[in-house]
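Residues per chain, in single letters:
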Amino acid sequence: MIRAEGLTKEFGDGDARVRAVEGLELFVNEGEVFGFLGPNGAGKTTTVRMLTTLISPTSGRAWVDDIPLGSGRDGAVRARIGVLTESPGLYERLTARRNLQIFAELYGCERPREQVEKYLKLLGLWDRRDSVVGTFSKGMKQKLAIARALVHEPPVLFLDEPTSGLDPEASKTVRDFIDSLRGQGRTIFLCTHNLDEAERLCDRVAVFQRRLIAVDTPGALRARVFGRRTRVQLAPGSDAPSLAAVLSAVPGLGPTETDVGPEGRPGLVVTVGEPESQNPLIVRTLVEHGADVEYVTELSHSMEEVYLRLLHGAPQEEVSAR
Ligand SMILES: Nc1ncnc2c1ncn2[C@@H]1O[C@H](COP(=O)(O)OP(=O)(O)OP(=O)(O)O)[C@@H](O)[C@H]1O
């Protein structure tokens, strides 16, 4: 649906030359919500600008909705994509309705009036349809910009920082709306700095800094970076070191360490390949050796820790139970 092969973009010449994107290889499936994560200046917007035909790559190739970019069919690509850029770029002196009508007509929508009404209602702007956009809050403008990106029903949507600068409530509305687009077969390419948002919304995420660093589902990235670990809470007075030795001898389980839990209670942390099948084995083995197991949890690193480790390889010791 979206494909990039060796996509590279350089700006400037000589000493002032900046390579913003280098050899990007990417494949985004149809109907997928794909997160594109990276720090400031990583080249995310540059990538989006190339994929939306606004700038040409220095080298490499890309396809959007299976149409090759730069092959004389960029107009067809533009008709098949919706774009939310970092700044909404709305006509401030026109009403919300007029803003959308202009775009619906520009895109040659068959029933522009109906499309405009549909998206004003879907984004909760119908009551303010005849207000000039200059009077809108930032959240309302962002919703209108999303409506504008969708008004011609594009199969591919590029959203660059859709919730940036919005308060928690407006962010949630926008996030819920993006989530509601899932399952309609639309492919969504989402640039965000909000890692929780990426985890909640995206089927897969790419971590990117000029080059592609990693791409996978959030869960698989977490497992790849930190492995999966199970924490067993034992009853007070349990002999955690000898129980750890018992588990360490069980074939298929990773290393087991002792751990001190809430109120100094003894615990064990076991590295596991597949907690779904191995946690019952852990509990069974411990009980067979006379342990009193209070509860079992999966230890998880936040998406932020995964992201930072992928970017910098920095050790992240903190873990939190989920
Ligand atoms: N038109 C341009 N001319 C020169 N350099 C540019 C241009 N556009 C982007 N760059 C440079 O390319 C690099 C990547 O910028 P880009 O805006 O793509 O990053 P980004 O990941 O979107 O960052 P942010 O998260 O801060 O929006 C930066 O070093 C930037 O200064």
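Thresholds applied
- Residue numbers here run from 1 along each chain, matching the order of that chain's written sequence.
- Confidence filtering applies because this is a predicted model: local features only for residues at pLDDT of at least 70, side-chain atom pairs given and counted only at 80 or more, and all residues used for totals across whole chains, interfaces and linings.
- Side-chain numbers here rest on the full set of heavy atoms in the structure, without hydrogens or water.
- Working definition: a ring pair exists when centres of Phe, Tyr or Trp rings (six-membered ring for Trp) sit within 6.5 Å. Plane angles under 30 degrees give stacked, over 60 give edge-to-face, the rest tilted.
- Throughout this description, the term charge over a ring refers to an Arg CZ or Lys NZ atom that lies within 6 Å of the ring centre and within 35 degrees of the ring normal.
- Only heavy atoms are used to decide nearness, and a residue is near a molecule or strand if one of them lies within 4 Å of it.
- Pairing of N or O atoms within 3.5 Å defines a polar contact, subject to two protein rules: one partner must be a possible hydrogen donor and the other a possible acceptor, and residues neighboring in sequence count only if both atoms are side-chain atoms.
- Here the accessible surface of atoms and residues is derived via Shrake-Rupley with a 1.4 Å probe, and residues count as covered only by protein chains that are part of the display.
- Think of it this way: any DSSP run of H or I at least four residues long counts as a helix, any run of E at least two long counts as a strand, and we number them from the N terminus.
- Buried residues are those whose accessible area, probed at 1.4 Å on protein chains only, stays under 20% of the maximum for their type, while exposed residues exceed 50% and partly exposed ones sit between those limits.
- As used here, the arc belongs to the directions running from the helix axis to the C-beta atoms.
- In what follows, residue pairs with any heavy atoms lying within 4.5 Å of each other are defined as contacts.
- When DSSP locates at least two bridges between a pair of strands, those strands are taken to pair.
- The axes are straight lines fitted to the C-alpha atoms, using for helices just the contacting stretch, and the angles between their N-to-C directions are given from 0 to 180°.
- Every residue gets a pLDDT, meaning the predictor's confidence in that residue, from 0 to 100.
- The definition of a nonpolar core used throughout is a set of buried Ala, Val, Leu, Ile, Met, Phe, Trp, Tyr and Cys residues joined through side-chain atoms within 4.5 Å.
- Reported domain spans reflect what an automatic or database domain assignment gives.

Draft legend 1. Local environment of the packing of aromatic side chains. Under the counting rule described, the total for this entry stands at 5 aromatic pairs. Through a chain of ring-to-ring contacts, the aromatic side chains of Phe34, Phe36, Phe158, Phe189 and Phe208 assemble into a single cluster. Lying across the ring of phenylalanine 103, arginine 148 places its NZ or CZ 4.7 Å from the centre.

Draft legend 2. The arrangement of the site of the ligand in detail. Around the ligand, the surrounding shell holds 13 residues, and the nearest of these are Asn40, Gly41, Lys44, Thr45 and Thr46. Within the side chain of threonine 45, one N or O atom sits 2.7 Å away from an oxygen atom of the ligand. The separation between an oxygen atom of the ligand and a polar side-chain atom of threonine 46 is 2.5 Å. Burial of the ligand by the surrounding chains reaches 62%, relative to a free accessible area of 630 Å². Counting only elements with at least two residues in the shell around the ligand, the list comes to strand S2 (18–28) and helix H1 (44–51). Ranked by the residues each element gives to the shell around the ligand, the list is headed by H1, at 3 residues.

Draft legend 3. Up close: helix H4 (residues 112–122). Buried within H4 are the following residues: Gln115, Val116, Tyr119 and Leu120. Each buried residue of H4 lies within a common arc of 125° when the element is viewed along its axis, so the set occupies one face. Structurally, H4 contributes buried residues whose contacts are with helix H3 (96–106), helix H5 (138–150) and helix H6 (168–181). Glycine 124 sits one or two positions beyond H4 and adopts a positive phi of about 70°.

Draft legend 4. How the structure looks around the sheet that holds strand S8 (residues 187–191). Reading across the sheet, the 6 strands line up as S6-S7-S8-S3-S9-S10 and stay open at both edges, with mixed pairing between neighbours. For this open sheet the edge positions go to strand S6 (81–84) and strand S10 (211–216), each flanked by a neighbour on one side alone. Taking the axes of each pair of neighbouring strands and ignoring which way they run, one obtains an average angle of 15° across the sheet. H5 rests against S6 and strand S7 (156–160) of the sheet, and its axis sits at about 165° to S6.

Draft legend 5. Local environment of the confidence of the model for the protein. Looking at the protein as a whole, the pLDDT averages 90, with 97% of positions reaching at least 70. Note on residues 314–322: pLDDT under 50 across the span, and 24 contacts to partners over four residues away in sequence or across chains.

Draft legend 6. Region of the structure containing the sheet that holds strand S5 (residues 67–68). Here we have 4 strands laid out as an open sheet, ordered S2-S1-S4-S5, and antiparallel in their pairing. Either end of the sheet is taken by a strand with one partner, and the two such strands are S2 and S5. Note: strand S1 (residues 2–11) against strand S4 (residues 59–64), 5 bridges, orientation antiparallel. Within S4, the position partnered with alanine 4 by the bridge is alanine 62. Lying over the sheet, H1 contacts S1, S2 and S4, oriented at roughly 120° with respect to S1.

Draft legend 7. Inspection of the nonpolar core at higher detail. Counting residues in each nonpolar core, the largest one holds 49 residues, and the members touching the most others are Leu144 and Leu221. For this core, the two domains that each supply at least three residues are domain 1 (2–216) and domain 2 (223–321). Look past the residues within four positions of leucine 221 in its chain and what remains in contact with it is Val205, Val207, Ala214, Val215, Asp216, Met303, Val306 and Leu310. Core analysis: the next-biggest nonpolar cluster, separate from the first, contains 27 residues, Ile2, Ala4, Phe36 and Phe158 among them.

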